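# Survey of secondary and tertiary structure
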Amino acid sequence: MSNTLLQTSDATPSIIVDHVTKQFLKRNTHSFKEAFIRWVKRGKVRADQFKALDDVSFQIGEGESVAVLGFNGSGKSTTLKLVSGVLEPDAGRVFTRGRVAGLIEVGAGFHPELSGRENVYLNAAILGMSKAQTDARFDDIVAFSEIGDFIDQEVKHYSSGMFMRLAFAVAIHVDLDVLLVDEVLSVGDAPFRQKCYAKIEELVAKGVTMLVVSHDMGTVQRLCRRGIVIHEHKVLFDGGIEEAVEVIKSTPH
Ligand SMILES: Nc1ncnc2c1ncn2[C@@H]1O[C@H](COP(=O)(O)OP(=O)(O)OP(=O)(O)O)[C@@H](O)[C@H]1O
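Presented here is a report on the structure given in the accompanying data block. (Residues numbered from 1 in each chain as written. Predicted model: local features only at pLDDT ≥ 70, side-chain atom pairs only at ≥ 80, totals over all residues. Heavy atoms only, no water.)

## Things to note about the nonpolar core
Keep this limit in mind: Nine residue types can take part in a nonpolar core, namely buried Ala, Val, Leu, Ile, Met, Phe, Trp, Tyr and Cys, and a core is a set of them joined through side-chain atoms within 4.5 Å. The buried label applies to any residue whose accessible area, calculated with a 1.4 Å probe on protein chains only, is under 20% of its type's maximum; exposed applies above 50%, and partly exposed to all values in between. Any two residues having at least one pair of non-hydrogen atoms within 4.5 Å are treated as being in contact.
Residues Leu69, Leu166, Phe168, Leu179 and Leu185 are the most contacted members of the largest nonpolar core, which totals 52 residues. What Leu69 contacts, discounting residues up to four positions off in sequence, is Lys76, Ser214, Met217, Val220, Ile228, Val229, Ile230, Ile241, Ala244, Val245 and Ile248. Listed in part, the 18 residues of the second largest apolar core include Val17, Phe58, Val66 and Leu180.

## Some details on the sheet that holds strand 9 (residues 234-240)
Filter applied, for reference: Note on pairing: two strands pair once DSSP finds at least 2 bridges between them. Put simply, DSSP H or I for four residues or longer makes a helix, DSSP E for two residues or longer makes a strand, and each gets a number counted from the N terminus. Note on geometry: axes are lines fitted to C-alpha atoms, helical ones only across the stretch in contact, with angles between N-to-C directions running from 0 to 180 degrees.
Reading across the sheet, the six strands line up as 5-6-7-3-8-9 and stay open at both edges, with mixed pairing between neighbours. Two strands in the sheet have a free side with no partner beyond their single neighbour: strand 5 (100-103) and strand 9. Looking at each pair of strands side by side, their axes are set apart by 15 degrees on average, direction ignored.

## Considering the environment of Lys76
Positionally, Lys76 belongs in helix 2 (residues 76-84). Classification of Lys76 as buried rests on a relative accessible area of 6%. Taking C-alpha positions, Lys76 is 6.9 Å from Ile230, a pair spaced 154 residues apart along the chain. Sequence-distant contacts of Lys76, defined by excluding residues within four places in its chain, comprise Val68, Leu69, Gly70, Phe71, Val213 and His215.

## Observations concerning the side chain of Thr134
To keep things clear, this is the line we draw: By the criterion applied in these results, polar contacts are pairs of N or O atoms within 3.5 Å in which, for protein atoms, one can donate a hydrogen and the other can accept it, and in which residues neighboring in sequence qualify only through two side-chain atoms.
Locating Thr134 in the fold gives a position in helix 4 (residues 131-145). Polar side-chain contacts of Thr134 include one of 2.9 Å to the backbone oxygen of Ser130. Non-local contacts of Thr134, meaning those with residues more than four positions away in its chain, are made with Val120, Tyr121, Ala124 and Met129.

## Some thoughts on the site of the ligand
Put simply, the rule is: Near residues are defined by distance, with any heavy atom within 4 Å of the molecule or strand qualifying the residue. Accessible surface area values rest on a Shrake-Rupley calculation with a 1.4 Å probe, where residue burial reflects the displayed protein chains alone.
Taken together, Phe24, Phe50, Ala52, Phe71, Asn72, Gly73, Ser74, Gly75, Lys76, Ser77, Thr78 and His215 are the residues near the ligand. Ser74 is positioned with one of its backbone polar atoms (N or O) 3.1 Å from an oxygen atom of the ligand. In the model, an oxygen atom of the ligand is placed 2.9 Å from a nitrogen or oxygen of the Gly75 main chain. Burial of the ligand by the surrounding chains reaches 60%, relative to a free accessible area of 640 Å². Only strand 2 (47-61) and helix 2 provide two or more residues apiece to the shell around the ligand. Top element by residues in the shell around the ligand is helix 2. It accounts for three residues.

And the structure:
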């Protein structure tokens, strides 16, 4: 078995995913009625384990910008959730260095009953910012999000694009070392997306490590220099982004 921890790279590692396996349950009963009948007959509700990630290893150096590519259901989001700490691996280990902020699900961490303003403070606090630090950056966050007067509206009335703008604005205004971006950029309209790309490029230039999941090859080619292709829950390719895009295009679905 190769040892990921001993792999060398020019940069100090920021993320280490070391022989990680993640299993989920695949239930084979499809309805409550079916489950009930099995229960009455004292049969078991069958639940098979399946591996969403199977012995996945990679290491990402500080300041690298890396895309995770793969078909639907291959395990990309699961990879990001393991790196963010939302999920725990069943086998293997995940290490991250510094403060990790994830834009993993649009508005994750946002409370629907609270206003945009309250959610900014809540999310900034979750990401480790003090009230004084958030006060100092609040106007920039709102300006970046272009939410305007809606900032005092409960976020349950926001459109998905507004949610994403505010979540993104908070995440990029905290001091972070690792930014995880899962597909959220696709929610914004074209001008806002351009602004996000520019901001992400600025963060990468400052040395922030980025892990991006996207099906949009244009986005990943613009933002990332390296691509990891996950296929059928294993790493199929890890290398330059252009080659990674070729690998995904030539892999049979
Ligand atoms: N909490 C969960 N419980 C059960 N199965 C799950 C869970 N989360 C993910 N899965 C399954 O794990 C597999 C990998 O899912 P994942 O969301 O990581 O794929 P993905 O590559 O991000 O897909 P997509 O491109 O469609 O977003 C899928 O089969 C999915 O159904």
